[in-house]
Amino acid sequence: MSDSRAEDRAAIKAVMVDSYKAWEAGDADGMVARYTADATAIVTGSLRNSRDSIRENMALGFAGPLKGSSISNDLLSIRFVGRDGAIVVSESGILFAGQTEVPDAGKVNCTWVLEKRDRRWMIAAYHNSPVLSPGQVGSALVGSL
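Residues numbered from 1 in each chain as written. Predicted model: local features only at pLDDT ≥ 70, side-chain atom pairs only at ≥ 80, totals over all residues. Heavy atoms only, no water.

(A) Inspection of the environment of I54 at higher detail. With respect to the secondary-structure elements, I54 resides in helix α3 (residues 51–63). Spatially, the C-alpha atom of I54 lies 8.4 Å from that of A39, the residues being 15 residues apart in sequence. (Helix = DSSP H or I, 4+ residues; strand = E, 2+ residues; numbered from the N terminus.)

(B) A look at α3. For α3, with 13 residues, the first-to-last C-alpha span of 18 Å sits near the 18 Å given by 1.5 Å per residue. All of the buried residues along α3 are S53, I54, M58, G61 and F62. Seen from one end, α3 has its buried residues packed into an arc of 165°, which puts them on one side. Opposite the packed face of α3, turned more than 90 degrees from it, sit the exposed residues L60 and A63. In this structure, the buried side of α3 is in contact with α1 (5–24), α2 (28–31), β1 (35–43) and β2 (46–48). (Expected span 1.5 Å × (residues − 1). Buried < 20%, exposed > 50% of the residue type's maximum accessible area, 1.4 Å probe, protein only. Arc of directions from axis to C-beta. Contact = heavy atoms within 4.5 Å.)

(C) Inspection of the sheet that holds strand β6 (residues 120–130) at higher detail. Taken in spatial order, the six strands make up an open sheet running β2-β1-β6-β5-β4-β3, and their pairing is mixed. Each edge of the open sheet carries a strand with a single partner, namely β2 and β3 (70–81). Direction aside, neighbouring strands of the sheet carry axes that sit 15° apart on average. For strand β5 (residues 108–117) and β6, the ladder comprises 10 bridges, and the chain directions are antiparallel. Bridge pairing in β6 links R117 to R120. Packing against the sheet, α1 makes contact with β1, β3, β4 (85–95), β5 and β6, and its axis sits at approximately 155° to β3. (Pairing = 2+ DSSP bridges. Axes fitted to C-alpha atoms, helices over the stretch in contact; angles between N-to-C directions.)

(D) Quick peek at α1. For α1, built from 20 residues, the straight-helix expectation of 28 Å at 1.5 Å per residue is met to within 8% by its first-to-last C-alpha distance of 29 Å. When we look at burial in α1, the residues that qualify are D8, I12, V15, M16, S19, Y20, A22 and W23. Buried residues of α1, viewed axially, fall in a sector of 165°; they line one side. Across from the buried face of α1, at angles greater than 90 degrees, the exposed residues are A6, K21 and E24. Within two residues after α1, G26 carries a phi angle of roughly 70°, on the positive side.

(E) Summary view of the packing of aromatic side chains. As enumerated under the stated definition, the model contains four aromatic pairs in all. Geometrically, the ring pair formed by Y20 and W112 is edge-to-face, given 6.1 Å between the ring centres and 85° between the ring planes. Placement of the pair is Y20 in helix α1 and W112 in strand β5, with a sequence separation of 92 residues. Classification of Y20 by relative accessible area gives buried; the value is 16%. Its relative accessible area of 3% is what places W112 among the buried residues. Put simply, the rings of Y20, W112 and Y126 pair up and form one aromatic cluster. One Lys or Arg, R5, reaches over the ring of F80 and ends 3.9 Å from the middle of that ring. (Phe/Tyr/Trp six-rings, centres within 6.5 Å; stacked < 30°, edge-to-face > 60°. Lys NZ or Arg CZ within 6 Å of the ring centre and 35° of its normal.)

Right, dumping it as structure tokens:
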């Protein structure tokens, strides 16, 4: 195993790029190819508790409202947790067919948890939450108490 975090960063970025390329192709199998079998995803308040569940939901989306869509993703940080764990933070949004820019209301903050299994980085968990303006953040915090 390499001690180079630069190599790990590049490998993690490649996992995400490959997943987004599969999204753009409408390929649910390819999109989850680097998810662990026991991966979890929390998206729009719903829990998807396995790679199979995530794939099934994506296939339904690609056949319906996500058909022809792609992802805009701005990688904000990669933080390593031990030798075989990483937390990735990004700002993303879905570009629906015909869109060239994600509207502010469609932007989400994303947290990805990756782990290295058998020398390959895999997505173990994903969660997103809408990007809020500074004024909305205070209201959201008060509303969650």
